[in-house]
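Structural features, examined
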Amino acid sequence: MGVGYDSDDNTVEECPLADGLRLVAKQELREDDVIRSHSLRAMRNWIRKHPDIVNCRTDAPFLLRFLRTKKFSIPMAQDMLERYLVIRQLYPQWFSKLDVDDPVISDILDSGYLVPLPGRDEFGRCVMFSCAGRFDPYKYTSADMARVHALIGESLMDDPENQIKGYSYVNDESGLLMGHMTLWSFSDLKRIIRCLQSSTPMRHKSTYFINVPNFAEKFFTATVSFLNSKLKSRVKFYSGQKDVQKFIDPKYLPKEYGGEIPLATMIVELKKKLRAKREMLMALDDMKINVNGKGKIISEFDDMQKELTGSFRKLEVD
């Protein structure tokens, strides 16, 4: 069940953390060496005995994604892991074949649509920077967009600092077109947000939108309405790129936004890192769970579908 990752249940994995990171993990996640080792052992035993899990990574970096996201609540981590495996099978168009050398993915990466910044925010969080205007909605699909996000996200999730301190998102909406807003159906947008909230092991700490055009305000209001109350409280809107410099050290922003490193250089470094992890990222497709068509997770998505009565294509815009 290791998908290329060996682990020994009888080995106490120390997974040492630097002092500063260990302190944050203890204060925010209740993590210490004893809890971590016990939790890893429990997760592996659960995976081994699970009647539907056919293949799953059991290495510590992977399992700690879920344990840290759920603050070492083992039942909640198990539930999230099960959901993670299920959505990968339900929506392969969004979460599978995460290949940096896929021509479409490679082109979107080259456009500069989405890059993790080289430095962290004031709280030590990984910062994901996106620019809507760099994504061509008439050339690429919503599935292409989702796979780029999934590829970069998966490449970052094993990092203990990211697991413990979480992520911030800065989204520049300048260049937004009607094509961007009709790219996603109402149902698919709500569905993928549900996936990100309940099935993706990432601590989403803050989301900033800048340069949102007036004609898109209803679109963003509707999108934010799909979030749970905790994530809604972490969404902020700002009028321009100078506002970003209030919470992100300007030197870490792309040069085009007042930083020191050109976006093109960031893209080259990103693709280099993704290629170094290509084998691991492609191996994620080897994980498998037998999906119960009448199970709780499927029922939740079916119930959500019944709630939807339209799509963003029917939204009135100013």
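Numbering of residues begins from 1 in every chain and follows the order in which that chain's sequence is written. Reporting in this predicted model follows two pLDDT cut-offs: at least 70 for local features of residues, and 80 or more for side-chain atom pairs to be given and counted; totals over whole chains, interfaces and linings ignore these cut-offs and use all residues. As a rule here, side-chain values come from all non-hydrogen atoms in the structure, and water together with hydrogens is ignored.

**Some details on the overall build of the protein**
Counting from the N terminus, the helices are DSSP H or I runs at least four residues long and the strands are E runs at least two residues long. Each helix and strand counted, the protein has 16 helices and seven strands in total. Burial classes follow relative accessibility: with a 1.4 Å probe on protein chains only, a residue under 20% of its type's maximum area counts as buried, one over 50% as exposed, and anything between as partly exposed. Across the 318 residues that make up the protein, the buried fraction comes to 55%. A fraction of 79% describes how many contacts in the protein between residues 6 or more apart in sequence connect residues 24 or more apart. Carbon and sulfur atoms form 52% of the exposed surface of the protein, whose accessible area is close to 14,900 Å². The contact definition used throughout considers only heavy atoms, calling two residues in contact when any of these lie within 4.5 Å. Accessible surface area values rest on a Shrake-Rupley calculation with a 1.4 Å probe, where residue burial reflects the displayed protein chains alone.

**Describing helix α1 (residues 19–29)**
Burial in α1 covers these residues: L21, V24, A25 and L29. Along the axis of α1, the buried positions cluster into a sector of 100°, meaning they face one direction only. Turned more than 90 degrees away from the buried face of α1 sit D19 and Q27, all of them exposed. Where α1 terminates, the next one or two residues include R30, which has phi positive at roughly 65°. This arc is taken over the directions from the axis of the helix to the C-beta atoms.

**Digging into helix α4 (residues 74–90)**
Counting along an α-helix, one turn takes 3.6 residues, and residues three or four places apart therefore face a common direction. Multiplying 1.5 Å by the helix residue count minus one yields the expected span of that helix. Taking 1.5 Å per residue, 17 residues should reach 24 Å; α4 reaches 24 Å between its end C-alpha atoms and fits that length. Considered for burial, the residues of α4 that qualify are I74, A77, Q78, M80, L81, R83, Y84, L85, V86, I87 and R88.

**A closer look at the confidence of the model for the protein**
Of the residues in the protein, 87% have a pLDDT of 70 or more, and the chain-wide mean is 89. Note on residues 8–12: pLDDT under 50 across the span, and seven contacts to partners over four residues away in sequence or across chains. Within a predicted model, pLDDT stands for the predictor's per-residue confidence, ranging from 0 to 100. Here residues 304–318 is modelled with pLDDT under 50, and outside its nearest four sequence neighbours on either side it reaches 31 contacts, counting other chains as well.

**Looking at the side chain of K205**
Mapped onto the elements, K205 comes out in strand β5 (residues 204–210). Among buried Asp, Glu, Lys and Arg side chains, K205 stands out as unpaired, with E28 the closest opposite charge at 4.6 Å. Beyond its immediate stretch of four places on either side in the chain, K205 contacts R125, K165, G166, Y167 and R234. Positive charge is attributed to Lys and Arg, negative charge to Asp and Glu, and no charge count is given to His or to the chain ends. Here a salt bridge means any side-chain nitrogen of Lys or Arg lying within 4 Å of a carboxyl oxygen belonging to Asp or Glu.

**So, the pattern of salt bridges**
Per the stated rule, a full pass over the model turns up 24 salt bridges. A salt bridge links R83 to D79; its shortest N-O distance comes to 2.8 Å. Taken together, the residues R83 and D79, both in helix α4 and four residues apart, mark about one turn of the helix. Under the relative-accessibility criterion, D79 is labelled partly exposed at 24%. With its nearest N and O atoms 3.6 Å apart, the salt bridge here joins R120 to E161. Residue R120 is found in the loop between β2 (114–116) and β3 (126–131), and its partner E161 is found in helix α8 (residues 160–165); the two are separated by 41 residues along the sequence. Taking the relative accessible area as the measure of exposure, E161 reaches 25% and is therefore partly exposed. Salt bridges here are not isolated pairs; linked through shared partners, they connect R57, D59, R65, R88, E154, D158 and D285.

**Regarding the side chain of S155**
Structurally, the position occupied by S155 is in helix α7 (residues 142–156). Relative accessible area serves as the criterion here: at 7%, S155 is assigned to the buried category. Contacts described as polar in this section are N or O atom pairs within 3.5 Å, which, within protein, must combine one atom able to donate a hydrogen with one able to accept it, while residues neighboring in sequence count only if both atoms come from side chains. Looking at S155, its side chain comes within polar contact range of the main-chain oxygen of I152, at 2.7 Å.

**So, unusual backbone geometry**
Backbone geometry at K71 places phi at a positive 55°, although glycine is not the residue there. Summarising the element assignment, K71 is placed in the loop between α3 (60–69) and α4. For K71, a relative accessible area of 38% gives the class partly exposed. Positioned with a positive phi, F72 is a non-glycine residue whose angle comes to about 65°. Among the structural elements, F72 can be located in the loop between α3 and α4.

**Observations concerning the pairing of β5**
Across the seven residues of β5, seven count as buried, placing the element largely inside the fold. Two strands are counted as paired when DSSP detects at least two bridges linking them. When strand β4 (residues 167–172) meets β5, the two strands line up parallel, connected through six bridges. Paired with D172 across the strands is I210, a residue of β5. Taken together, the four bridges between β5 and strand β6 (residues 235–238) define a ladder with parallel strand orientation.

**Describing the packing of helix α2 (residues 33–49) against α4**
Orientation is described by lines fitted to C-alpha atoms, with helices fitted over the stretch in contact, and by angles between N-to-C directions that extend from 0 to 180 degrees. Two elements in contact, α2 and α4, have axes whose closest approach is 11 Å; the angle formed by their N-to-C orientations is 45°. If you check the angle between α2 and α4, you find them oblique. The chirality of how α2 crosses α4 is right-handed. In this structure, α2 uses H38, S39, A42, M43, W46 and I47 to contact α4, whose residues at the interface are I74, A77, Q78, L81 and E82. Under the scheme applied, nonpolar residues are Ala, Val, Leu, Ile, Met, Phe, Trp, Tyr, Cys and Pro; charged residues are Asp, Glu, Lys and Arg; polar residues are all the others, including Gly. Partitioning the contact of α2 with α4 into residue classes produces seven nonpolar, three polar and one charged. Roughly parallel here means an angle under 35 degrees, roughly antiparallel means over 145, roughly perpendicular means 65 to 115, and every remaining angle is called oblique. By convention the crossing between two helices is left-handed if the near helix lies anticlockwise of the far one by an angle smaller than a right angle, and right-handed if it lies clockwise.

**Side note on the environment of L151**
Structurally, the position occupied by L151 is in helix α7. Through-space distance from the C-alpha of L151 to that of D99 is 7.4 Å; in sequence the pair is 52 residues apart. With sequence-adjacent residues up to four places away left out, L151 is seen in contact with L98, V100, I105, L109, L274 and L281.

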